[in-house]
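Structural description and commentary
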Amino acid sequence: HHHDECLDKDLRPMPTRVLDVGQKDSTIKLVEARERSGTFIALSHCWGGTQGFRTTAETIEHFKSGFDIEEAPATFQDAIIVTRLLGIPYLWIDSLCIIQDDPADWDEESSRMGSVYSFSYLTIAASRAASDSEGFLKPRQHVQHLLRINSPELQPADIYLRLKNTRNSYNELQSSGFREAEPLDLRAWTLQERWLSKRILDFRTGEVTWWCQKHGKKESAMEQSSENASLLDPTKLYSRGSYLGWYSLLEDYTRRSITFVSDIFPALSGLAAMVAQHDKTTYLAGLWWEDMALGLCWHVSSQSSSSRDPYTAPTWSWASVDG
């Protein structure tokens, strides 16, 4: 409320479909929200190997009629709990709000994914969960220790001491080459989800961190104000005449895993659209026409690299090489 950069001045458009999370003990319903304005939360998560709970032509009517929270995998359950506790009525989860076996729906909705995260009230990042079955509201080890003492009146009292963790912020993960990265930090799709979100509540293994347009904070250093230290500043990707921020982002992006090679450009399209709109430039297979001379100077730093199918990207693009 006190950050000019973070104020929601207008009602934001809703995605095509959202989950109406209702109140405690009520069913969750998939609802059509196109043409509406409202407040919703988006989930950034690792699908993992268990993908049975998703919207298809067969399951969509069941989800629209309503399902119990216990039916959903643990990460979805946790996201519903947090959304309810924050008093937000709607939640967007890609695997439930996009019809997964409908190519036309997937193409249309994936092209809008950038705006979904841009317009969400908040993004919940389930960083510590490698799959949807793990969940992120779990006990945390080595975070706090119990100190049992007696007061002057000999009344027993418990004091919880929190160990200070200085190795678990996203900024430090980037500078350390992701040596301490969480599963979510290593997935290609989640990079633009993080950059495009206005606010992020990030559930990591050791602590919860917060990012908005102006601040970055973490539990282990709540007394430190990180003024202007937010990662959620898209202007870092470009300044007129320079695309060094974009190239730095590509170094991060190409380190990450992607299940389907055909997603190499779609998983970056939201960020590319944002840069193109800001600078009125022309985007070409991961590079920029106005900076093509420098953009073509990419090289492969990893030793194990191979060329991808020529239909994935032209050979002059970094996306043509797996490395």
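Cut-offs and rules
Each chain has its residues counted from 1, following the order in which its sequence is written. At least 70 in pLDDT is required for a residue's local features to be given in this predicted model, at least 80 for side-chain atom pairs to be given and counted, and no such filter applies to totals for whole chains, interfaces and linings, which use all residues. Excluded from the side-chain calculations are hydrogens and water; all other atoms, namely the structure's heavy atoms, are used. Fitting a line to C-alpha atoms yields each axis, with helices limited to the stretch in contact; the angle taken between N-to-C directions then spans 0 to 180 degrees. By the criteria applied, helices consist of DSSP H or I runs no shorter than four residues and strands consist of E runs no shorter than two, each listed in order from the N terminus. An angle counts as roughly parallel when it lies under 35 degrees, as roughly antiparallel when it exceeds 145, as roughly perpendicular when it falls between 65 and 115, and as oblique in every other case. By the convention used here, residues are in contact when the closest approach between their heavy atoms is within 4.5 Å. Residues are grouped as follows: Ala, Val, Leu, Ile, Met, Phe, Trp, Tyr, Cys and Pro are nonpolar; Asp, Glu, Lys and Arg are charged; every other residue, Gly included, is polar. Cavities and pockets are defined on a 1 Å grid built over the protein atoms alone: a cavity is a set of grid points where a 1.4 Å probe fits but cannot escape, while a pocket is an open set with protein on both sides within 12 Å along at least five of seven lines, and lining residues are those with an atom within 4 Å of any such point. Grid points are joined across faces, edges and corners, and a volume is the space filled by probe spheres set on the points. Exposure above 30% relative accessible area and the lack of any salt bridge qualify a residue for a patch; like charges then connect within 9 Å, and the nonpolar side chains Val, Leu, Ile, Met, Phe, Trp and Tyr within 5 Å. Residue-level accessible areas treat just the shown protein chains as cover; the underlying method is Shrake-Rupley with a 1.4 Å probe. What counts as a salt bridge is simple: a side-chain nitrogen of Lys or Arg found within 4 Å of a carboxyl oxygen of Asp or Glu. Aromatic contacts are taken between Phe, Tyr and Trp rings whose centres are within 6.5 Å, Trp giving its six-membered ring; a plane angle under 30 degrees counts as stacked, one over 60 as edge-to-face, and the others as tilted. Each residue is assigned to one of three classes by its accessible area relative to the maximum for its type, calculated with a 1.4 Å probe on protein chains only: buried under 20%, partly exposed between the two thresholds, exposed over 50%. Two conditions define a charge sitting above a ring: the NZ of Lys or the CZ of Arg must be within 6 Å of the ring centre, and it must be within 35 degrees of the ring normal.

As recorded in an unreviewed UniProt entry, the protein chain goes by the name Heterokaryon incompatibility protein-domain-containing protein, listed as coming from Clohesyomyces aquaticus.

A short note on the packing of helix α7 (residues 189-196) against helix α9 (residues 269-279)
For the pair α7 and α9, the least separation of the axes is 8 Å and the interaxial angle reads 45°. Judged by the angle between their axes, α7 and α9 are oblique. In this structure, α7 contributes Gln192, Trp195 and Leu196 to the contact, and α9 contributes Ser269, Gly270, Leu271 and Met274. Class assignment of the residues belonging to the contact of α7 with α9 gives a composition of four nonpolar, three polar and no charged.

Section: empty space enclosed by the protein
Empty space among the atoms becomes visible once a probe the size of a water molecule is rolled across them. For the coordinates displayed, the defined rule picks out one cavity of 30 Å³ or more. Considering only enclosed or pocket space, the largest cavity measures out at about 60 Å³ in volume. Lining the largest cavity are 12 residues, and of these Ser44, Ala125, Leu184, Thr190 and Arg194 lie nearest its centre. Elements with a minimum of two residues in the lining of the largest cavity: β7 (122-125) and α7. When residues of the lining of the largest cavity are assigned to their parent elements, the largest contribution, three residues, is made by α7. Here the residues of the lining of the largest cavity sort into four nonpolar, four polar and four charged.

Describing a nonpolar patch on the surface
A cluster of nonpolar side chains, Leu147, Ile149, Ile159 and Leu161, forms an exposed patch at the surface whose accessible area comes to about 310 Å². Within the residue set of the nonpolar patch, elements represented by two or more residues are β8 (144-150) and β9 (156-162). With respect to the helices and strands, the residue isoleucine 149 is situated in strand β8.

Topic: the packing of aromatic side chains
Applying the stated rule across the entire model yields 13 aromatic pairs. For the pair tyrosine 253 and tryptophan 318, a centre-to-centre distance of 6.1 Å together with 90° between the ring planes defines the contact as edge-to-face. A residue pair is termed long-range when its members are at least 10 positions apart, and tyrosine 253 in helix α8 (residues 244-253) and tryptophan 318 in the loop between β15 (306-307) and β16 (321-322) qualify at 65 residues. In this structure, tyrosine 253 and tryptophan 318 share a single accessibility class: buried. A network of ring pairs unites the aromatic residues Phe53, Phe63, Phe67 and Phe76 as a single cluster. The aromatic ring of tyrosine 121 is capped on one face by arginine 199, whose charged end is 4.8 Å from the ring centroid.

Regarding the environment of alanine 57
Examined against the element boundaries, alanine 57 turns out to sit in the loop between β5 (40-44) and α1 (60-65). As for alanine 57 and aspartate 102, which are separated by 45 residues in sequence, their C-alpha atoms are 7.5 Å apart. Contacts of alanine 57, omitting those with residues within four sequence positions, involve Ile99 and Asp101.

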